[in-house]
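# Chains, contacts and geometry: an overview
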Amino acid sequence: MGTTPVTQLQEALEHAEALPVLFVGSGLSRRYLGSPDWDGLLDYFASLTPRPMSYYRGRAGNDRPRIASLIADEFYDLWFREPVYNDSRALFEPEVEQVADPLKFEIAQYISSHDVISDLGIAAELDALGHVHAHAVITTNWDTMLETQFKDLEVFVGQQDVLFATTQAVGEIYKIHGSITDPKSLIVTSEDYSQYWDRNPYLIAKLLTMLVEHPVLFIGYGLGDAHINKMLENLIACLTAEQIEVLNDRLVFVRRAHLGEDSALQRGSMTVGAHTLTIREYVCEDFL
């Protein structure tokens, strides 16, 4: 036992004596839907305005949410004026309350236009994903791929869905950055991000509880992801040194192997505030 990375990971999860939580990031959407990453999304919507991406990047100091805010400001008048958005205005104009809303409406439609990539390997991975048994699935993704694969799981979009809901013991999807099914829920701009932590105390407390009580597999995130770092920083502030050591064994970042790299369950490190966590990193050839 324990001679292969897969069995090592299996033993680590069994040792935790609790179902794992899947924390799913944009890497899975890019792999299975071909949808853009942050930079690709911003590039696309900048191209719909009269100004080049270099203009927004220069004004925002390469701060992506701030770039989104600048694009949203420019896009607002275009959306209300240009004939190409007539159909969108017919659908959404009564719902406009914020400057960023037209951009969010178009982002939702753009993301929804991406279908699952036709590939046998991807089909096998998605089928396997749909059979995973997890305590919960948490995602910052906006698309509906996860609820399509996990048909029996209840979906909660943001904090309002969670409040007063009669949640089950297991089997839920938490879309903590919104969903294309509710475009105005999307966390996109600098204003959205700056208000996020103050506006979602109940949701954040629920997520932090899961991080403490369950092993967590992060899939589709980089070790330097700003949102994950912020969440872990909030969690670490509540823990003793001994509890942080336990946390080190519960966090597993899953990534595909680079060219020439072998599969492995290995120790990695990530800096969170003033702390360095010695997390586990599972390197695999594919997610199957």
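Presented here is a report on the structure given in the accompanying data block. Keep in mind the model is a prediction, meaning the values are calculated, not measured. (Residues numbered from 1 in each chain as written. Predicted model: local features only at pLDDT ≥ 70, side-chain atom pairs only at ≥ 80, totals over all residues. Heavy atoms only, no water.)

### Some remarks on the overall build of the chain
Scanning the chain for helices and strands turns up 14 helices and 10 strands. On C-alpha atoms alone, the chain measures out to a radius of gyration of 20 Å, which is about the 19 Å that the 2.2 N^0.38 rule sets for 288 residues. Overall size of the chain, expressed as C-alpha extent along the three principal axes, is 65 × 45 × 40 Å. Summarising the internal contacts of the chain: among those between residues at least 6 apart in sequence, 67% fall at separations of at least 24. Accessible surface, the chain as shown: approximately 14,500 Å² in total, 50% of it carbon and sulfur. (Helix = DSSP H or I, 4+ residues; strand = E, 2+ residues; numbered from the N terminus. Rg over C-alpha atoms; globule rule 2.2 N^0.38 Å. Contact = heavy atoms within 4.5 Å. Areas by Shrake-Rupley, 256 points an atom, 1.4 Å probe, with all protein chains shown as cover.)

### Some words on the nonpolar core
Counting 32 residues, the largest nonpolar core has Phe-23, Ile-176, Leu-211, Phe-218, Leu-232 and Leu-277 as the members making the most contacts within it. When residues of this core are traced back to their parent elements, those giving at least two are strand S1 (21-24), strand S2 (136-139), helix H12 (201-213), strand S5 (216-219), helix H13 (226-236), helix H14 (241-250), strand S6 (251-256) and strand S8 (270-272). Of all the elements, H12 adds the most residues to this core, at 6 residues. (Core = buried A, V, L, I, M, F, W, Y, C linked by side-chain atoms within 4.5 Å. Buried < 20%, exposed > 50% of the residue type's maximum accessible area, 1.4 Å probe, protein only.)

### A word on empty space enclosed by the protein
A full pass over the atoms with the stated rule returns 1 cavity of 30 Å³ or more. Surrounding the largest cavity, Leu-41, Leu-42, Phe-45, Ala-68, Ile-71, Leu-103, Ile-107 and Val-188 form its lining. Of all the secondary-structure elements, those providing two or more residues to the lining of the largest cavity are helix H3 (38-46), helix H5 (64-81) and helix H7 (101-112). For the lining of the largest cavity, the element with the most residues is H3, which contributes 3 residues. Here the residues of the lining of the largest cavity are counted per class, giving 8 nonpolar, no polar and no charged. (1 Å grid on protein atoms, 1.4 Å probe; cavity = no way out; pocket = protein on both sides within 12 Å on 5 of 7 lines; lining within 4 Å. Points joined across faces, edges and corners; volume = space filled by probe spheres on them. Nonpolar A, V, L, I, M, F, W, Y, C, P; charged D, E, K, R; others polar.)

### Some details on the environment of Asp-152
In this structure, Asp-152 sits in the loop between helix H9 (145-149) and strand S3 (154-157). C-alpha separation for the pair Asp-152 and Leu-208, spaced 56 residues apart in sequence, amounts to 24 Å.

### Digging into the sheet that holds S1
One open sheet accounts for 8 strands, arranged S3-S4-S2-S1-S5-S6-S10-S7; its pairing is mixed. Each edge of the open sheet is held by one strand with a lone partner, namely S3 and strand S7 (264-267). Neighbouring strand axes in the sheet, compared pairwise and without regard to direction, differ in orientation by 20° on average. The sheet contact formed by S5 and S6 spans 4 bridges and is parallel. (Pairing = 2+ DSSP bridges. Axes fitted to C-alpha atoms, helices over the stretch in contact; angles between N-to-C directions.)

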